[in-house]
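# Descriptive analysis of the structure
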Amino acid sequence: MLRTRLPLSLCYIPPRNHQTIPSLLSNSQPYPRPPTVCKNASFTTEQQFDPSFTKPKQPPISAYIHLPFCRKRCHYCDFPIVALGSSSSQVGYDNDPRISNYIQLLIREIKATKFESDIQQPLETVFFGGGTPSLVSPYLIASVLDVLKFKFGLSNEPEISIEMDPGTFDDIRLREILELGVNRVSLGVQSFQEELLQVCGRAHGLKEVYEAIEMVSSCEGLENWSMDLISSLPHQTEKMWEESLKCTVDAGPKHVSVYDLQVEQGTKFEQLYTPGVFPLPTDVQSADFYKMASKTLTEAGYNHYEISSYAKDTYQCKHNMMYWQNKSFYGFGLGSASYTNGIRFSRPKRLKEYIEWVQKLEVGTVSYGTSDVEVKDMAMDVVMLSLRTARGLHLKEFGKEFGWQLASKLCEAFRPFVDRGLVVPLDQNRRVLSSDEFELGKGERTYFIRLSDPEGFLLSNELISVAFGVI
């Protein structure tokens, strides 16, 4: 399943291919080979791709905290979690030693983390993900926030997000969490059909969904909340998806995340289903779901600012935007990943190995991998993450960082897709340029290229692969 919490998945898989690129080209022509020179570019051959380039390493200002506890494992989930089993109440896990022991281990990891730069900035975003963080007692969450404040500091107005599932909190618990400084809630609804919740193996039912929405939407002091939905579920119909989207709009969250189901290896869904084969929707049906979400949410006043993310004005998730902008970040906890000092690295996904990893961190024997990152890998990261967003790839910045010749070749490689409306060129004022105006060069018209919504986003894997081939 596509998720937006990058620290648990360094490589993102956008909504799956629903139509081949050749079928979108005139007369079903073969896949076009990227030309080596952009005809309208003003770059000189002296502006070469510099293999010795190193991107400036900014200190992280964001932290992802993985709280892996769930009541049970959902049938689509391949995340590193700890299934706690059932409990008679939302507070039934507060004294569970599995949770308290993990929190102590997590705190040890944070304390043992070394600063990556002499220049330190306070954290501007913190994201508690899981798992189901709302199963963790507020006083334990407070202890994590305290150590983050002590170690790194927090900015004056940080965005502090937490994922919460229906049926895992009440009004009192919600207020206690907000009193800690948490100011953004992500509610894991996934579906508004009882039968689909059961098919997914969710621990909550539709009754708990509506109860959770009522608590979150009416909670004084909580304005910024988000809702998660999943499309392309087994037995999901167009009518069901339309109903889920309508219920979401009626609930009025400031942010909506829409994920296209990916059948992951090792999950129960992998044992039961084959992608594209009934009862899973066909690729065409999945594409229709995606288009329906884009149309419905956009018409309801949400900005489609990233492939799977929609937000009212000023309510984009600041934490996730940090990922799309390819900024450094800390990740803490089981299976989480960090991007610091130009290096991406992940923690073990099994608890026993994670315990050993923290012990090694404390004595200074953890290896983060090589700092000799190839410039082409940096360039591919920038392209992949930028093209997931409505802002798109800033060609001027890309050319300055990685060489004008490479930017020129990217421009030419995307030209056929500009002609077909899959790639959109923009000037410095974000005005859409015609195909004839599509030029790239210092002082010329094109400043950004982005994928069109929804057709370009649907083919993001293929279009990003075009760029990878050039790089």
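Residues numbered from 1 in each chain as written. Predicted model: local features only at pLDDT ≥ 70, side-chain atom pairs only at ≥ 80, totals over all residues. Heavy atoms only, no water.

Counting 73 residues, the largest nonpolar core has Ile65, Ile103, Leu106, Phe128, Leu148 and Leu174 as its most contacted members. With eight residues, the top contributor of residues to this core is helix H2 (residues 97-112). Ignoring anything within four residues of it in the chain, the contact list for leucine 174 reads Met164, Phe169, Val185, Met215, Val216, Cys219 and Leu222. (Core = buried A, V, L, I, M, F, W, Y, C linked by side-chain atoms within 4.5 Å. Buried < 20%, exposed > 50% of the residue type's maximum accessible area, 1.4 Å probe, protein only. Helix = DSSP H or I, 4+ residues; strand = E, 2+ residues; numbered from the N terminus. Contact = heavy atoms within 4.5 Å.)

Attention shifts here to the pairing of strand E9 (residues 303-306). Pairing analysis gives three bridges linking E9 to strand E10 (residues 309-311), with the strands arranged antiparallel. Within E10, the position partnered with glutamate 306 by the bridge is serine 309. Connecting E9 to the antiparallel partner E10 that follows it, the hairpin turn spans two residues. (Pairing = 2+ DSSP bridges.)

Its location among the elements puts threonine 168 in the loop between strand E5 (154-164) and helix H4 (171-178). The buried category is assigned to threonine 168, whose relative accessible area is 1%. Between the alpha carbons of threonine 168 and serine 134 there is a distance of 6.1 Å; along the sequence they are 34 residues apart. Reaching out from threonine 168, the side chain makes a polar contact with the side chain of serine 134 at a distance of 2.6 Å. (Polar contact = N/O pair within 3.5 Å; in protein donor to acceptor, adjacent residues only side chain to side chain.)

Spatially, nine strands are ordered E9-E10-E8-E7-E6-E5-E4-E1-E11 in an open sheet, and the strand pairing comes out mixed. Looking at the sheet topology across the chains shown, the edges are occupied by E9 and strand E11 (330-332). For this sheet, the mean angle separating the axes of adjacent strands, direction not counted, is 20°. As judged from the three bridges shared by strand E8 (residues 255-260) and E10, these two strands associate in the antiparallel manner. Paired with histidine 255 across the two strands is alanine 311, which belongs to E10. In the packing of H2 onto the sheet, contacts are made with strand E1 (62-67) and E11, and the angle to E1 comes to roughly 155°. (Axes fitted to C-alpha atoms, helices over the stretch in contact; angles between N-to-C directions.)

A few words now on the packing of aromatic side chains. Overall, the coordinates contain 15 aromatic pairs when judged by the stated rule. With 5.0 Å between their ring centres and 75° between their planes, tyrosine 323 and phenylalanine 329 make a pair best called edge-to-face. A residue is classified by how much of its surface remains accessible, and tyrosine 323, at 1% relative accessible area, is buried. Through successive ring pairs, a cluster of aromatic residues spans Phe115, Phe152, Tyr330 and Phe332. Across from the ring centre of tyrosine 447, 4.8 Å away, lies the NZ or CZ of lysine 396, which sits over that ring. Of note, arginine 430 hangs over the ring of phenylalanine 448, and the distance from its end group to the ring centre comes to 4.6 Å. (Phe/Tyr/Trp six-rings, centres within 6.5 Å; stacked < 30°, edge-to-face > 60°. Lys NZ or Arg CZ within 6 Å of the ring centre and 35° of its normal.)

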